[in-house]
Amino acid sequence: APTMKASASAGQPDVLILGAGISGLHSAHLLEEMGMKVTILEARERVGGRILTLMDQPGYPEMGFNSMAAGYGRGIDAAQRAGVELQEVGARYRIGPPSQVYIGNTAMTREEWARFPGNPFPEQYKSVMPGELVGMLVAQNGRLEDWTRWSDPANAALDVSLHEFLKGQGLSDAAIHLANDLAPYYGINAYGTSSLMMEFNDGFIKTMMAAGMESLAVKGGNQKLPIALAEQIKGDILLGREVLGIVQEDAGTTVFCADGSRFTAPKVICSLPLSALRNVKIDPALNGVQAEAVAQLGYQPISMAFITAESPFWEEDGLAPGMWTDGLLGNVMPQRYGEDPNEITGFIVQARGNLALYWDRMDPEAVKQMIVRRIEELRPAAKGKVKAHTYFSWAKERFNGGDVSYLAPGQSTWVNDMAQPAGNMHFCGEHLATSARGLEGAMESAERAVLEVLGV
Ligand SMILES: Cc1cc2nc3c(=O)[nH]c(=O)nc-3n(C[C@H](O)[C@H](O)[C@H](O)COP(=O)(O)OP(=O)(O)OC[C@H]3O[C@@H](n4cnc5c(N)ncnc54)[C@H](O)[C@@H]3O)c2cc1C
């Protein structure tokens, strides 16, 4: 199996790290700084996990991680250490007219949406676009005095469903369906999503916004970051090593891979998403909430297509390039990642939640055809000008089984149990963060796991 570098390190490592996503790579870096020897086992033939760029497409479209906020201290530090260039992209998101809402075949600006008879939002929210309302209500009406205590058992009684929370804000079922379930920010629908996790997310966003409004991405594609970080790791990073079993004994913990290789070390840090860990045999078995979480934690289905336009049909029809639709097309998002930020380098068409599962049941070529046909139907000026290049599904990815993790109502305290070490096995990964989210949260969780390994 391929290795990132020639095997320089003979003998047993001090720590085996499972997974070469950002949390596994950060764990490796920190342990090596403390003088420990590590080996990383990665199932895929690449590093980066949920950081994935289409390097052969214009504008380097991102299938995973998009950007860091100005307050991402760990992420920015890692980029500097790796020697990759971060560029401000936040302003690019805001160039051009805002996306329009499409209900059925009707395109609407914000003003038109506010007057639309079929708008199911309460009077005071009529001019809020469907994709904005949930975030706005959580931001305005959060119940926690201190959001950093979102997983504190003392607050567990507040962990009703997002659906119940939104009902409490005066939203009807039809309004919740439109504002959340057609394209959920987290999870599959508002019934299955923890309201306290939404408050955690909101608190983190507010903290990041207080640090500055910039959004930073790696120039030339975010995937350069994990690749550069991996190059700085001294220990072996073994690719194509799918972990299938973990056996803990007094003499050490042995990890078994699908290719028949096995590795033993005194300590293991496991960064696998629980959706992947549930396919690994662990002996002795995990128990309690940790076992339940490995079996059940939710991961959000997100699927995407990257499309390009031969000529700017949006200049022809005068409508906004971006489209938020209530139908099978999902959300069409213009990308401006060329040298000139005004140029649209392509579009990411995204389905979240149930729509992603719907797309995933279709043949990928059929999804691409459907997307092109639907854009042409809604915008005749686009006829013959749109080409769909790539279809990508996180739910179908064997080593993810979904995009980011999400908690169901009543699971807000799970994170405390999920993050506990089990014998000599320690855990990190995006799902175990308690004070940051996304990439920054994945790195935060690595720091906790490393401190545990060091016995600090
Ligand atoms: C579409 C999308 C957009 C995002 N946008 C943002 C954003 O804008 N900002 C932000 O902060 N975050 C964003 N994120 C989240 C961010 O990308 C993740 O939080 C972070 O990359 C997760 O890192 P991780 O190390 O926890 O997990 P992963 O990256 O999933 O790493 C886990 C690794 O384990 C490997 N693995 C799995 N199973 C096995 C096995 N059996 N054996 C060996 N190895 C295995 C996987 O291949 C993978 O490399 C986004 C994610 C997605 C998918």
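The paragraphs below set out a description of the structure included in this document.

### Some thoughts on the overall build of the protein
So, point 1. When helices and strands are counted, the protein shows 16 helices and 21 strands.
So, point 2. Since a compact globule built from 456 residues should have a radius of gyration of about 23 Å, the 22 Å found for the protein is in line with a globular shape.
So, point 3. When the backbone C-alpha atoms are referred to their principal axes, the protein occupies close to 70 × 50 × 40 Å.
So, point 4. Restricting the contact set of the protein to residue pairs at least 6 apart, pairs at least 24 apart contribute 72%.

### Digging into the packing of helix α2 (residues 73-82) against helix α9 (residues 224-232)
So, point 1. α9 packs onto α2 with a crossing angle of 60° between their chain directions and a minimal axis gap of 9 Å. When the axes of α2 and α9 are compared, the crossing they make is left-handed. Where α2 abuts α9, its residues A78, A79, R81 and A82 lie against L225, A228, L229 and Q232.

### What about a nonpolar patch on the surface?
So, point 1. Together, Y185, I205, M209 and M213 make up a nonpolar patch on the protein surface, roughly 400 Å² of accessible area in all.
So, point 2. Along the polypeptide, I205 turns up in helix α8 (residues 195-211).

### Some details on the nonpolar core
So, point 1. If you look at the biggest cluster of nonpolar residues, it comprises 86 residues, and the most contacted ones within it are L18, L41, L225 and L277.
So, point 2. Sorting elements by how many residues they give to this core places α8 first, with six residues.
So, point 3. Among all residues touching L41, those that are not within four sequence positions of it are L16, I17, L18, G19, L238, R241, V243, V255, C257 and F263.
So, point 4. Counting 26 residues, the second-largest nonpolar core is a separate cluster that includes A351, L355, V367 and M370.

### Description of unusual backbone geometry
So, point 1. Across the junction of D283 and P284, the peptide omega takes the value 0°, indicating a cis bond.
So, point 2. By the secondary structure assignment, P284 is in the loop between β13 (281-283) and α11 (288-296).
So, point 3. Positioned with a positive phi, Y60 is a non-glycine residue whose angle comes to about 50°.
So, point 4. Its relative accessible area of 36% is what places Y60 among the partly exposed residues.

### Here we look at the layout of surface pockets
So, point 1. The computed volume of the second largest pocket comes to approximately 260 Å³.
So, point 2. Grouping the amino acids of the lining of the second largest pocket by side-chain chemistry returns six nonpolar, seven polar and four charged.
So, point 3. Two domains each provide a minimum of three residues to the lining of the second largest pocket, namely domain 1 (15-48 + 219-298 + 408-454) and domain 2 (88-119 + 301-393).

### Brief notes about the packing of α2 against helix α16 (residues 438-454)
So, point 1. The geometry of α2 relative to α16 is characterised by a closest axis approach of 8 Å and an angle of 85° between their N-to-C directions. One element, α2, and the other, α16, form an angle in the roughly perpendicular class. Residue-level contacts link G73, R74, G75 and A78 of α2 to L439, E440, M443, E444 and E447 of α16.
So, point 2. Tallied by class, residues from the contact of α2 with α16 come to three nonpolar, two polar and four charged.

### Overview of the pairing of strand β7 (residues 215-218)
So, point 1. Residues S215 and A217 line one face of β7 and the alternating positions L216 and V218 line the opposite face, and both faces are buried.
So, point 2. As paired elements, strand β4 (residues 86-88) and β7 share three bridges and run antiparallel to each other. Paired with Q87 across the strands is A217, a residue of β7.

### Brief notes about the site of the ligand
So, point 1. Around the ligand, the structure places 37 residues, and the nearest of them are S23, E42, R50, Y72 and E430.
So, point 2. Contacts to the ligand include A43, whose backbone N or O atom sits 3.1 Å from a nitrogen atom.
So, point 3. Take Y72: an N or O atom from its side chain is 2.6 Å from an oxygen atom of the ligand.
So, point 4. With the chains in place, 93% of the 1000 Å² that the ligand exposes on its own is no longer accessible.
So, point 5. Among the secondary structure elements, those contributing two or more residues to the shell around the ligand are α1 (22-33) and α16.

### As for the packing of aromatic side chains
The geometry of two aromatic rings is summed up by the distance between their centres and the angle between their planes.
So, point 1. Inspection of the entire model under this criterion finds eleven aromatic pairs.
So, point 2. Taking the centre distance of 5.0 Å and the plane angle of 80° together, the rings of F313 and W314 count as edge-to-face. Like W314, F313 is buried.
So, point 3. Taken together, a centroid distance of 5.5 Å and an interplanar angle of 75° make the contact between W314 and F347 edge-to-face. A residue pair is termed long-range when its members are at least 10 positions apart, and W314 in helix α12 (residues 313-317) and F347 in strand β18 (residues 346-352) qualify at 33 residues. For the pair shown, W314 and F347 are each scored as buried.

### Considering the sheet that holds strand β12 (residues 267-270)
So, point 1. With parallel pairing, five strands are arranged side by side in an open sheet as β8-β2-β1-β12-β21. The open sheet is flanked by β8 (236-238) and β21 (425-427), the only strands paired with a single partner. Each neighbouring strand pair of the sheet contributes to a mean axis angle of 20°, computed without reference to strand direction.
So, point 2. Pairing analysis gives four bridges linking strand β1 (residues 15-18) to strand β2 (residues 38-41), with the strands arranged parallel. Across the sheet, the residue bridging to I17 is I40, located in β2.

Quick notes on the rules
- Residues numbered from 1 in each chain as written.
- Predicted model: local features only at pLDDT ≥ 70, side-chain atom pairs only at ≥ 80, totals over all residues.
- Heavy atoms only, no water.
- Helix = DSSP H or I, 4+ residues; strand = E, 2+ residues; numbered from the N terminus.
- Rg over C-alpha atoms; globule rule 2.2 N^0.38 Å.
- Contact = heavy atoms within 4.5 Å.
- Axes fitted to C-alpha atoms, helices over the stretch in contact; angles between N-to-C directions.
- Left-handed = near helix turned anticlockwise from the far one by under 90°.
- Patch = residues over 30% accessible without salt bridge, like charges linked within 9 Å, V, L, I, M, F, W, Y side chains within 5 Å.
- Areas by Shrake-Rupley, 256 points an atom, 1.4 Å probe, with all protein chains shown as cover.
- Salt bridge = Lys/Arg side-chain N within 4 Å of Asp/Glu carboxyl O.
- Core = buried A, V, L, I, M, F, W, Y, C linked by side-chain atoms within 4.5 Å.
- Buried < 20%, exposed > 50% of the residue type's maximum accessible area, 1.4 Å probe, protein only.
- 1 Å grid on protein atoms, 1.4 Å probe; cavity = no way out; pocket = protein on both sides within 12 Å on 5 of 7 lines; lining within 4 Å.
- Points joined across faces, edges and corners; volume = space filled by probe spheres on them.
- Nonpolar A, V, L, I, M, F, W, Y, C, P; charged D, E, K, R; others polar.
- Domains from an automatic or database assignment.
- Parallel < 35°, antiparallel > 145°, perpendicular 65-115°, else oblique.
- Pairing = 2+ DSSP bridges.
- Near = heavy atom within 4 Å.
- Polar contact = N/O pair within 3.5 Å; in protein donor to acceptor, adjacent residues only side chain to side chain.
- Phe/Tyr/Trp six-rings, centres within 6.5 Å; stacked < 30°, edge-to-face > 60°.

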